[in-house]
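Chain by chain, the residues:
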Amino acid sequence: MSIFSELVGQDAAVAELQRAALAARARDGRDVRGESVDSGVSGVVSRADISTQADVSAQANVSTQANVSTQAMSQAWLFTGPPGSGRSLAARTLAGALQCTGAEAGCGECAQCKAVMAGNHPDVTVVTTDLVTITADEVREYVARSYVAPTVGKWRVFIIEDADRMLTRTTNVLLKAIEEPASRTVWMLCTAAAADVLPTISSRCRNINLVTPPVDLVARLLVERDGVDEKTAKIAAQAAQSHIGVARALATDPEAAAIRMNTLNALVKMRGVGDAVIGAKLLADTEAMKGHKTDKTSAAAREAKLAAEEKERMAALGLDPEGKIPASVRKQVRDNADVIKRRETRAARDILDREMIYMLSFYRDVLTRQLGAQVALINVDFQNAIEQIAADSTMSTTLAKMDAIVEGRERLRANVAPQLVLESVLVALR
């Protein structure tokens, strides 16, 4: 199965990526043999290169590659599109097609394709972060590595997920590498919109804009790729609003499914201020929202696990966990602890933000019923509760509730205490 098959609902993007992969093969042929032929096709480069891969010997395939303009390939790409459209997947897919050694670029069967898609190809680096930003030091290290020749593949590829998490000074570190990349290096940046990165960066990248895929296609992907039953796949795809990653998590990860169910159940059961306060306490407890126990025994077990992890980190630095920390590494140990704390804080806030997205989708469904709109529900498994609340309230009330949730998300991003944010939101929703 071709690696492009997972890019559901992205026909235009797939066609562009396939053209780029073929153009890269044509360029490979020129680099290896220096040969070219007259393509005879109007509107493209007249003397394109022929791939010389040993396993591509059929004349028809050679002819196809000869007809592809080498200008279709770029060494800097910007993948944009709404959350869940598959930006990072599209970048990884192009990386796999560039490294592919099969008869068809992106065959999905060769060792190169499998390694890239599994995330363990030595020449494909995925830059991501569990923190708030990607630091300049990290990017500087990747830029230095970008000028080293690939080891086992034909290209050295760097995929920067959430490129909008780079500060201006960090982006400036990357600018020179994108302007004048090494001959065998490709940069791929992923973000929601081109405006999220500096114009000096976006103007030097080829933009591939992805769209939100249809719910039916996302559900079919869950069935065919992950073995999810059709009913569960359809509910997950709708609840995720076609966000492929979230849909997969809802269908296959009990913790992700528990967060959604607990969030919506808190809304359905809420009747007064007391319920709102209790619900806020539950929603702020990310472990409880995942379906984990939060009694003293489970809390002690988690503390023991954290302590064991801390001992492992100390041992990795060559330190005695029970001994005194030398002054020479004290700052490094303190910085490591700060990074871990920031990572845990971001993970918890991401869960809280996801909870409020589920709340918004719930009241969106309520509003559509109040308007009499003939559109599908997002939370089809809560249809009875949605229709009951729609009948018992007004559109103005529903809009006010949605505004309160949006304001809560903004406060959360401004680092207001999560418990206070959730209490204010749920009191407004009671």
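Residues numbered from 1 in each chain as written. Predicted model: local features only at pLDDT ≥ 70, side-chain atom pairs only at ≥ 80, totals over all residues. Heavy atoms only, no water.

1. Here's the deal with the packing of helix α8 (residues 215-226) against helix α10 (residues 244-252)
Packing of α8 against α10 brings their axes to within 10 Å, and their N-to-C directions diverge by 55°. Between α8 and α10, the interaxial angle falls into the category oblique. Crossing angle aside, the handedness with which α8 passes α10 is right-handed. Of the residues in α10, those in contact with Val218, Leu221, Leu222, Arg225 and Asp226 of α8 are Ile244, Ala247, Arg248, Ala251 and Thr252. Taken together, the residues that form the contact of α8 with α10 break down as six nonpolar, one polar and three charged. (Axes fitted to C-alpha atoms, helices over the stretch in contact; angles between N-to-C directions. Helix = DSSP H or I, 4+ residues; strand = E, 2+ residues; numbered from the N terminus. Parallel < 35°, antiparallel > 145°, perpendicular 65-115°, else oblique. Left-handed = near helix turned anticlockwise from the far one by under 90°. Contact = heavy atoms within 4.5 Å. Nonpolar A, V, L, I, M, F, W, Y, C, P; charged D, E, K, R; others polar.)

2. Describing the side chain of His243
Among the structural elements, His243 can be located in the loop between α9 (230-239) and α10. Only 3.4 Å separates the side chain of His243 from the backbone nitrogen of Gly84, close enough to count as a polar contact. In this view, His243 contacts Pro83 and Gly84; residues no more than four positions away in its chain are not counted. (Polar contact = N/O pair within 3.5 Å; in protein donor to acceptor, adjacent residues only side chain to side chain.)

3. Some remarks on the pattern of salt bridges
Per the counting criterion, the structure on display carries 16 salt bridges. Taking the shortest distance from any N to any O, the salt bridge between Glu407 and Arg411 comes out at 2.8 Å. With Glu407 and Arg411 both in helix α17 (residues 395-413), this residue pair falls four residues apart, about one helical turn. With a relative accessible area of 35%, Arg411 lands in the partly exposed category. (Salt bridge = Lys/Arg side-chain N within 4 Å of Asp/Glu carboxyl O. Buried < 20%, exposed > 50% of the residue type's maximum accessible area, 1.4 Å probe, protein only.)

4. Remarks on unusual backbone geometry
Residues other than glycine seldom take positive phi values, yet Ser242 does so here, at roughly 70°. With respect to the helices and strands, Ser242 occurs in the loop between α9 and α10. A positive phi angle is found at Asn415, which is not glycine, with a value near 70°. Secondary-structure assignment places Asn415 in the loop between α17 and α18 (418-429).

5. Observations regarding the sheet that holds strand β4 (residues 124-127)
Read across the sheet, five strands follow the order β4-β5-β6-β3-β7 without closing on themselves; strand pairing throughout is parallel. Pairing within the sheet leaves two strands with one partner each, and these edge strands are β4 and β7 (206-209). With direction set aside, neighbouring strand axes in the sheet form an average angle of 15°. Of the pairings in the sheet, the one linking strand β3 (residues 76-80) to β7 comprises four bridges and is parallel in character. Across the sheet, the residue bridging to Thr80 is Asn209, located in β7. (Pairing = 2+ DSSP bridges.)

6. What to know about the nonpolar core
Ranked by internal contacts, the top residues of the largest apolar core, which has 46 residues, are Leu267, Met359, Phe362, Tyr363, Ile405, Leu426 and Leu429. For this core, the element with the highest residue contribution is helix α15 (residues 327-371), accounting for ten residues. Of all hydrophobic cores here, the second largest spans 36 residues; its members include Ile3, Ala13, Trp77 and Val124. (Core = buried A, V, L, I, M, F, W, Y, C linked by side-chain atoms within 4.5 Å.)

7. What about the confidence of the model for the chain?
Caution is warranted with low-pLDDT regions, since their predicted coordinates should not be read in detail. When pLDDT is averaged along the chain, the result is 83; 84% of the residues meet or exceed 70. Note that residues 30-68 has pLDDT below 50 and, in this model, 67 contacts with residues that lie over four places away or in other chains. (pLDDT = per-residue confidence, 0-100.)

8. A look at the packing of aromatic side chains
With the rule as written, the count across this model stands at four aromatic pairs. Summarising the aromatic geometry, the rings of Phe362 and Tyr363 are spaced 5.3 Å apart at their centres and angled 85° between planes, so their arrangement reads as edge-to-face. Exposure remark for Phe362: the relative accessible area of 0% places this residue in the buried category. With a relative accessible area of 2%, Tyr363 lands in the buried category. Each member of the aromatic cluster is reached from another via a ring pair, and the members are Tyr142, Phe158 and Trp187. (Phe/Tyr/Trp six-rings, centres within 6.5 Å; stacked < 30°, edge-to-face > 60°.)

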